[in-house]
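Letter by letter, the chains look like this.
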Amino acid sequence: MNHKDIKTALRTRLAAIQSAPPIVWGENAPGVWDATSLQYVTPDPPYWLAYFTTTPPERFGLSKSSLMTIRLFVAVFVREGTFEDEADDQAQRIIDQFPIDLILSAGDGQIQVTDMGDPQPGAIDGAYFRKNVSVRCRAIFQRTP
């Protein structure tokens, strides 16, 4: 399992949410690809900004199995004036998509959601209202020599 496998598994699951708005993937992402203008653009809200972090892999026992903690972060951006209601609804849709003990395949390993999604209080972020959601996971995989 590598970084790309993790990203693909999380991204696929997130994008599968019914009526998901555009998703900008990556903390330094240039936006979403606009086929009309042939460039990356920041979409109008609502949209989600998603990225993940990992801890270094830890080997457990004498086996070749390893484990690492993954945290998926999704920032929900909504239009000014819709504020908490729309942001809360979208945050809950994300949380519902990643229930505790969900297992995703990622390359030659697995990702398990280990805790309920954690919605943070929302706040004004520039011209938009932003609410962050984090999902804690654990990756289990076999290390190759």
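Above this text sits the structure in question.
Predicted, not measured: the structure shown is a model, and the values here were computed from it.

## Structural notes on the overall build of the chain
On a plain count of helices and strands, the chain comes out with two helices and eleven strands. Overall, the chain shows an N-to-C arrangement of helices and strands of α-β-β-β-β-β-β-α-β-β-β-β-β. Dimensions of the chain, computed from C-alpha atoms along their principal axes, come out at roughly 55 × 35 × 25 Å. Expressed as a percentage of its 145 residues, the buried residues of the chain come to 37%. Residue pairs at least 24 apart in sequence account for 62% of intrachain contacts in the chain once pairs closer than 6 positions are excluded. Taken as two groups, the 14 positive and 17 negative side-chain charges of the chain have centres that lie 11 Å from each other.

## Section: the pairing of strand 6 (residues 65-78)
The buried count for strand 6 comes to ten of 14 residues, which makes it a mostly enclosed element. Hairpin geometry of strand 5 (residues 58-59) and strand 6 is characterised by an intervening segment of five residues between the two adjacent antiparallel strands and by a positive phi of about 70° at G61. As defined by bridge partners, strand 6 adjoins strand 11 (residues 128-142) across 14 bridges and the pair is classed as antiparallel. Following the sheet pairing, M68 is matched in strand 11 by A139.

## Examining the nonpolar core
One finds L10, L14, I94, F98 and I111 to be the most contacted residues of the largest nonpolar core, which totals 33 residues. Going through the elements one at a time, helix 1 (3-15), strand 1 (23-25), strand 4 (47-54), strand 6, helix 2 (83-97), strand 7 (103-106), strand 8 (109-113) and strand 11 are the ones with two or more residues in this core. Not counting the four nearest positions on each side in its chain, F98 is found in contact with L10, R13, L14, L72, L104, V113 and V135. With five residues, the next largest nonpolar core counts V24, Y47, L49 and F77 among its residues.

## Here's the deal with the pattern of salt bridges
As enumerated under the stated definition, the model contains two salt bridges in all. Among the salt bridges present, the one from D88 reaches K131, with a minimum N-O distance of 3.0 Å. Taken together, the positions of D88 in helix 2 and K131 in strand 11 put the pair 43 residues apart, joining distant regions of the chain.

Rules used in this analysis
- Residues numbered from 1 in each chain as written.
- Predicted model: local features only at pLDDT ≥ 70, side-chain atom pairs only at ≥ 80, totals over all residues.
- Heavy atoms only, no water.
- Helix = DSSP H or I, 4+ residues; strand = E, 2+ residues; numbered from the N terminus.
- Buried < 20%, exposed > 50% of the residue type's maximum accessible area, 1.4 Å probe, protein only.
- Contact = heavy atoms within 4.5 Å.
- Lys, Arg positive; Asp, Glu negative; His and termini not counted.
- Charge placed at Lys NZ, Arg CZ, Asp CG, Glu CD.
- Pairing = 2+ DSSP bridges.
- Core = buried A, V, L, I, M, F, W, Y, C linked by side-chain atoms within 4.5 Å.
- Salt bridge = Lys/Arg side-chain N within 4 Å of Asp/Glu carboxyl O.

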